[in-house]
2 protein chains.
Amino acid sequence: MFYPKSHAVIGASASLQKFGGRFLGVLLSFGYGGRLYAVNPQESQVQGMETYARVGDIPETVDLATIAVPARAVPGVIEECLAKGIKAVQILSAGFSEAGEEGKGLEAEVARTAARGIRVVGPNCFGIYCPDGGLTILPGENLSRESGPVGFISQSGGYAIRVPRRASGWGIKFSKAISYGNACDVNECDLVEYFYQDPETRIITGYIEGVRDGPRFFRLLQEVCRTKPVILWKGGLTQGGARAAHSHTASLSGDEAVWDAVFRQSGAIRVNSLEELLDTTIAFLYLPPLRGRRVCVVGGGGGIGVAAADACERAGLSVPLFSAGLQEKLAGIVPPAGASVRNPVDVGGPFPAPQMLRAVLEAVLSEGVVDTVIVSELELARISGLMQGRAQMRGYTSEEIAEVPVDMKNRFGAPLMIVLPVEAMGADALEFEGARRDTRDYFLNKGLPVYLTLERAARALSNLIGYYEHRDAISSSGSGITT
Amino acid sequence: MFYPKSHAVIGASASLQKFGGRFLGVLLSFGYGGRLYAVNPQESQVQGMETYARVGDIPETVDLATIAVPARAVPGVIEECLAKGIKAVQILSAGFSEAGEEGKGLEAEVARTAARGIRVVGPNCFGIYCPDGGLTILPGENLSRESGPVGFISQSGGYAIRVPRRASGWGIKFSKAISYGNACDVNECDLVEYFYQDPETRIITGYIEGVRDGPRFFRLLQEVCRTKPVILWKGGLTQGGARAAHSHTASLSGDEAVWDAVFRQSGAIRVNSLEELLDTTIAFLYLPPLRGRRVCVVGGGGGIGVAAADACERAGLSVPLFSAGLQEKLAGIVPPAGASVRNPVDVGGPFPAPQMLRAVLEAVLSEGVVDTVIVSELELARISGLMQGRAQMRGYTSEEIAEVPVDMKNRFGAPLMIVLPVEAMGADALEFEGARRDTRDYFLNKGLPVYLTLERAARALSNLIGYYEHRDAISSSGSGITT
């Protein structure tokens, strides 16, 4: 894999109030490993580095330049980059086609220069986050240094930073996250194509507002979705959203009906929020290529079972009634009163004996009548003195309960999902949240996906299954759906 | 207000593994202020208390009894309570109509005894949480001791504890939260009627699975919704959910189409999850009786504006385009590039100068062209060294930004909502969450509602407005919608 070995920040400044100064600071703090050059004709030293007045003055080869100068100065700077033999630039500066006629002209000029032999990401973007290459976006100095199988493209700089930031703690690692802004040269098609070919990237995700070339994008999605899932959050499909998208990245968002068809026919997975994007990514990371929609929910409480069944069926999953034989078997395991064995299974309370939970899961999994088991809202985190007290009184701990689904996954190879909600939101209850996050990490490390609510788990699971159903339909119809 | 001054726990035990033992422990630890009696013929001392073999042996008047003995023993115990002159009991025991034919018979027996002059809550319930009366539900020893204007009824014991537990930290306080289980005597109609008359309760909320008397419930909702909002989460409306509800509380859940009509015609507010129930309650607690659906979103980022507009319009709100005059005014305030003034307003970044944010909000609010302003995803919490660094570099702090919406609310009396997401989910990022919760509490204390996502804020706001729209329609049509 090629990563830029030398990088010039044009518009680098001592002032952290300026984009170029902040970007340089962020890059230094993230730990870019290649040769870094600061370019600024007005400042001779910035953040401990000597500067060059112009990029042409740099005595060595430059692989990548980041441009953070006022919009009007950008076309000239790009010319200099081209002359210097730089292969690629990213333009952080705003004030282009999103800002009116003058900006449109400037952006067209940049695009013309790009066509002469330099690739341009942006303008109006936050850069590229690439842990392996030591690159990060603004203001991503604290993003994970670990690389992973998820690629993310974002027309929005805000989401380009928010998605990897919020992904931290959910076991989601990125190969690259790319803020591509107005896309005057490198656009969503190029980036999806890149991730399609990138062996490191298994799951492609994106936030997009508009596409330049609709037919190309659609054909590309059709092609890519045969082997890699593409999870897309399409912004601007309402009237107000479309207007905002136009102000933001000069995008024409397109019609909701058209986009419905694009998703349906390409097999790309449609999500409608940042949360759903992350939830669905977790499903693809942690679950096998599931086809069946039959779910068993195991919870500790009758109301939770009712809500779980409602949520699953609303998400397009089924919660099948267990056979009389399986019900009888389960009835011999759960407490005689206050439990339920028909599916959802209510083990009688949120703090079940580990051996009882084990027997329930064994009975369900060995029967093979469901495709996925969701373990919902049991008290799996040792969250306080209270829990420890309950553990003492009962003779088993939350940790011992938590081990059960992990064992079951290992023994049966079964798809299991965990719902672990934030129970207490009080500012004085942070230790609960700490224990909850530790428990979540325990499951993630053992390969079990964790969700905050049953609704979100069900939606993510349904998105996953829908993708594989589409893939099956495509491959069984031979050449795919015609357009 | 009358609260039980003496309370007998029948089936009280030294063992915390038994329901009666746990309930007594929880009540003692919550701090019941009246006279408490433990009844158990097998144990002479439990948790530091002398016991009575039978409730009839208690030498003084008993106002309330909690029954936690095996189902088969319950009818006899109720007879004794009746003989003792006790006015009301709550039955925690399970194993009644939800558990088959024998249980059905036992429940019918209990109901017959109730009809002879004793009110029964349950069976198969977790009790009543009433901070003023010193009563709590199982296992609610840690619930808030502070009373408030929200009443909650729950057919599920699990949600009866989860709703007040999760409400902690969102500024929601309860007058009473009542787990009513199988409702063999006191049912959802009685309880809604009670809250309707209860001067302490301004907002009625509930989780219900089935209703005993549909027409009475419908007429009651119609009546109550004229003056008090009723926020209902109806479980069991899918096939799987209905089956689970039947196993859980022997409820017949009813048809989704029927319930659609009940909600539409009564004006009760329909919610579909615990989260939406709490979000909507927060809206009623913190916002005035809003009628208009015009929203202005002020955020720090273009993508956030696009997503916000999409979320608002999908929730049935409108994000109207600002007039040329207002746009011009705003354009003179926000940064020249990377901002947007059409609505949503993008102030250019998530860390705006307080005076700039103030000028933007003043311009929008003094124009009077929107009904609500949502301030979304600005960096309002001083969440780390990083933020302090940015504050130093810019010369203003997150606290100073946070003061602005509070001032605006005070000056304009304007409905303002705050979206404050959980930014970092890592187990090592708890200090962020701590600062976020402190900032949330700051806003709640100043009377501004806070939400985790824009989608949830928009949905809650739409639920609030829908209620008042219905009320207006009812009152303008005179006698209300006929049935």
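Predicted model only: the values in this text are computed from it and were never measured.

Parameters and conventions
- Residues numbered from 1 in each chain as written.
- Chains lettered and ligands numbered in written order.
- Predicted model: local features only at pLDDT ≥ 70, side-chain atom pairs only at ≥ 80, totals over all residues.
- Heavy atoms only, no water.
- Helix = DSSP H or I, 4+ residues; strand = E, 2+ residues; numbered from the N terminus.
- Rg over C-alpha atoms; globule rule 2.2 N^0.38 Å.
- Contact = heavy atoms within 4.5 Å.
- Areas by Shrake-Rupley, 256 points an atom, 1.4 Å probe, with all protein chains shown as cover.
- Lys, Arg positive; Asp, Glu negative; His and termini not counted.
- Charge placed at Lys NZ, Arg CZ, Asp CG, Glu CD.
- Phe/Tyr/Trp six-rings, centres within 6.5 Å; stacked < 30°, edge-to-face > 60°.
- Buried < 20%, exposed > 50% of the residue type's maximum accessible area, 1.4 Å probe, protein only.
- Lys NZ or Arg CZ within 6 Å of the ring centre and 35° of its normal.
- Salt bridge = Lys/Arg side-chain N within 4 Å of Asp/Glu carboxyl O.
- Buried area = accessible area lost by both parts, 1.4 Å probe.
- Pairing = 2+ DSSP bridges.
- Right-handed = clockwise from strand over helix to strand, strands pointing away.
- Disulfide = S-S within 2.5 Å.
- Core = buried A, V, L, I, M, F, W, Y, C linked by side-chain atoms within 4.5 Å.
- Least-squares fit on C-alpha atoms with pLDDT ≥ 70 in both.
- Axes fitted to C-alpha atoms, helices over the stretch in contact; angles between N-to-C directions.
- Parallel < 35°, antiparallel > 145°, perpendicular 65-115°, else oblique.
- Left-handed = near helix turned anticlockwise from the far one by under 90°.
- Nonpolar A, V, L, I, M, F, W, Y, C, P; charged D, E, K, R; others polar.

1. As for the overall build of chain A
Piece 1. Helix and strand counts for chain A stand at 16 helices and 18 strands.
Piece 2. Taken against the 2.2 N^0.38 rule, which gives 23 Å for 483 residues, the C-alpha radius of gyration of chain A at 26 Å falls within 12% of a compact globule.
Piece 3. With the C-alpha coordinates of chain A rotated into their principal frame, the extents come out at 80 × 55 × 40 Å.
Piece 4. Contacts in chain A between residues far apart in sequence, at least 24 positions, make up 74% of those at least 6 positions apart.
Piece 5. Only carbon and sulfur atoms are counted for the fraction: they give 51% of the accessible area of chain A, which is about 16800 Å².
Piece 6. One finds the centroid of the 47 positive side-chain charges in chain A at a distance of 2 Å from the centroid of its 52 negative side-chain charges.

2. Some remarks on the packing of aromatic side chains
Piece 1. What the rule picks out here adds up to 29 aromatic pairs over all chains.
Piece 2. Relative to Tyr 129 of chain B, the ring of Phe 30 of chain B lies with its centre 6.1 Å away and its plane at 75°, an arrangement referred to as edge-to-face. Of this pair, Phe 30 of chain B sits in helix α1 (residues 19-30) while Tyr 129 of chain B sits in strand β8 (residues 127-129), and the two are 99 residues apart along the sequence.
Piece 3. For Phe 30 of chain B, a relative accessible area of 5% corresponds to the buried category.
Piece 4. Among the residues examined, Tyr 129 of chain B registers a relative accessible area of 2% and is labelled buried.
Piece 5. Note on Tyr 467 of chain B and Tyr 468 of chain B: the rings are 4.9 Å apart at their centroids and 75° apart in plane angle, and the pair reads as edge-to-face.
Piece 6. These aromatic residues form a ring-pair network of at least three members: Phe 30, Tyr 129 and Phe 174 of chain A.
Piece 7. Residue placement shows Arg 22 of chain A over the ring face of Phe 19 of chain A; its charged tip is 5.3 Å from the ring centre.

3. A word on the pattern of salt bridges
Piece 1. Per the counting criterion, the structure on display carries 62 salt bridges over all chains.
Piece 2. Here Glu 102 of chain B and Arg 72 of chain B are joined by a salt bridge, their closest N and O atoms 2.7 Å apart. You can see Glu 102 of chain B sitting in helix α3 (residues 101-115) and its partner Arg 72 of chain B sitting in the loop between β5 (64-67) and α2 (74-84), a full 30 residues away along the chain.
Piece 3. Judged by its relative accessible area of 47%, Glu 102 of chain B falls in the partly exposed class.
Piece 4. On the accessibility criterion, Arg 72 of chain B (63% relative accessible area) is exposed.
Piece 5. Bridged by salt links that share partners, the residues Arg 162, Arg 165, Arg 166 and Glu 275 of chain A together with Glu 377, Glu 379 and Glu 423 of chain B form one connected network.

4. Quick look at the interface of chain A and chain B
Piece 1. Listed as interface residues are 83 residues of chain A and, on the opposing side, 83 residues of chain B.
Piece 2. Regarding the contact of chain A and chain B, the summed buried area is about 6300 Å², with carbon and sulfur atoms giving 50% of it.
Piece 3. It is Arg 243, Met 425 and Arg 437 of chain A in chain A that bury the most area against chain B; as a group they hold 12% of the surface buried on that side.
Piece 4. For the pair chain A and chain B, the interface holds 14 salt bridges.

5. Thoughts on the pairing of strand β11 (residues 203-208) of chain A
Residues and elements named next belong to chain A.
Piece 1. Across the six residues of β11, six count as buried, placing the element largely inside the fold.
Piece 2. Covered by surrounding structure in β11 are Ile 203, Thr 205 and Tyr 207 together with Ile 204, Gly 206 and Ile 208, the residues of both alternating faces.
Piece 3. In terms of strand pairing, β11 meets strand β12 (residues 230-234) through five bridges, oriented parallel. Its bridge partner lying in β12, Gly 206 is registered against Leu 232.
Piece 4. Each parallel crossover has a hand, and the one from β11 via helix α6 (residues 214-224) to β12 is right-handed.

6. Digging into the sheet that holds strand β7 (residues 119-121) of chain B
Pairing between sheet strands relies on hydrogen bonds along the backbone, with the strands arranged either parallel or antiparallel.
Residue and element names in this part refer to chain B.
Piece 1. A sheet is described by the order of its strands in space; here seven strands give the open sequence β3-β4-β2-β1-β5-β6-β7, paired in mixed fashion. The sheet is open, and its two edges are formed by β3 (45-46) and β7, each paired on a single side.
Piece 2. Across five bridges, strand β1 (residues 6-10) lies against strand β2 (residues 35-39) in parallel orientation. What sits directly across from Ile 10, in β2, is Val 39.

7. Side note on the state of the cysteines
What is meant by a disulfide is a covalent connection between two cysteines, made through their sulfur atoms.
Piece 1. Tallied over the full model, the rule gives zero disulfides over all chains.
Piece 2. Between Cys 130 of chain A, a cysteine without a disulfide, and Cys 125 of chain A, which holds the nearest cysteine sulfur, the sulfur-to-sulfur distance is 15 Å.
Piece 3. Of all cysteine sulfurs in the structure, the one in Cys 125 of chain B sits closest to Cys 184 of chain B, which takes part in no disulfide; the separation is 9.8 Å.

8. Quick word on the nonpolar core
Piece 1. In this structure, Val 373 of chain A together with Val 373 of chain B are the most contacted members of the largest nonpolar core, which totals 288 residues.
Piece 2. Not counting residues within four places of it along the chain, the set of residues in contact with Val 373 of chain A comprises Cys 296, Val 298, Leu 361, Val 364, Leu 365, Pro 415, Leu 416 and Met 417 of chain A.

9. What about the relation of the copies chain A and chain B?
Piece 1. Relative to chain B, chain A is turned by 180° and slid 0.0 Å along the rotation axis, the superposed coordinates differing by an RMSD of 0.0 Å. Such a combination of turn and shift is consistent with a two-fold rotation axis. If distances are taken from each C-alpha of chain A to the rotation axis, the shortest is found for Leu 430 of chain A, at 3.7 Å.
Piece 2. The fraction of interface residues of chain A whose copies in chain B are also interface residues reaches 100%, indicating that both copies meet through the same surface.

10. A closer look at the packing of helix α4 (residues 157-167) of chain B against helix α9 (residues 274-286) of chain B
All names here are of chain B.
Piece 1. One way to put it is that α4 packs onto α9 with a least axis distance of 11 Å and a crossing angle of 50°. Looking at the two axes, α4 sits oblique to α9. Of the two elements, α4 crosses α9, and the hand of that crossing is right-handed. Contacts between α4 and α9 involve Tyr 159, Arg 162, Val 163, Arg 166 and Ala 167 from the first element and Leu 274, Glu 275, Leu 277 and Leu 278 from the second.
Piece 2. Broken down by class, the residue content of the contact of α4 with α9 amounts to six nonpolar, no polar and three charged.

11. What to know about unusual backbone geometry
Leaving glycine out, the prevailing phi sign among residues is negative, and the prevailing peptide bond configuration is trans.
All names here are of chain A.
Piece 1. The amide bond that connects Leu 138 to the next residue, Pro 139, takes the cis arrangement and shows omega of -10°.
Piece 2. In this fold, Pro 139 is placed in the loop between β8 (127-129) and β9 (147-154).
Piece 3. In this structure, Pro 344 follows Asn 343 across a cis peptide bond, with omega equal to 0°.
Piece 4. Tracing the sequence through the fold places Pro 344 in the loop between α11 (324-331) and β15 (345-346).

12. Side note on the sheet that holds strand β15 (residues 345-346) of chain B
All names here are of chain B.
Piece 1. On the basis of which strands lie adjacent, the open sheet formed by five strands has the order β15-β14-β16-β17-β18 and parallel pairing. The sheet is open, and its two edges are formed by β15 and β18 (450-451), each paired on a single side.
Piece 2. Pairing between strand β17 (residues 416-419) and β18: two bridges, direction parallel. Counted as the bridge partner of Val 419 is Tyr 451 from β18.

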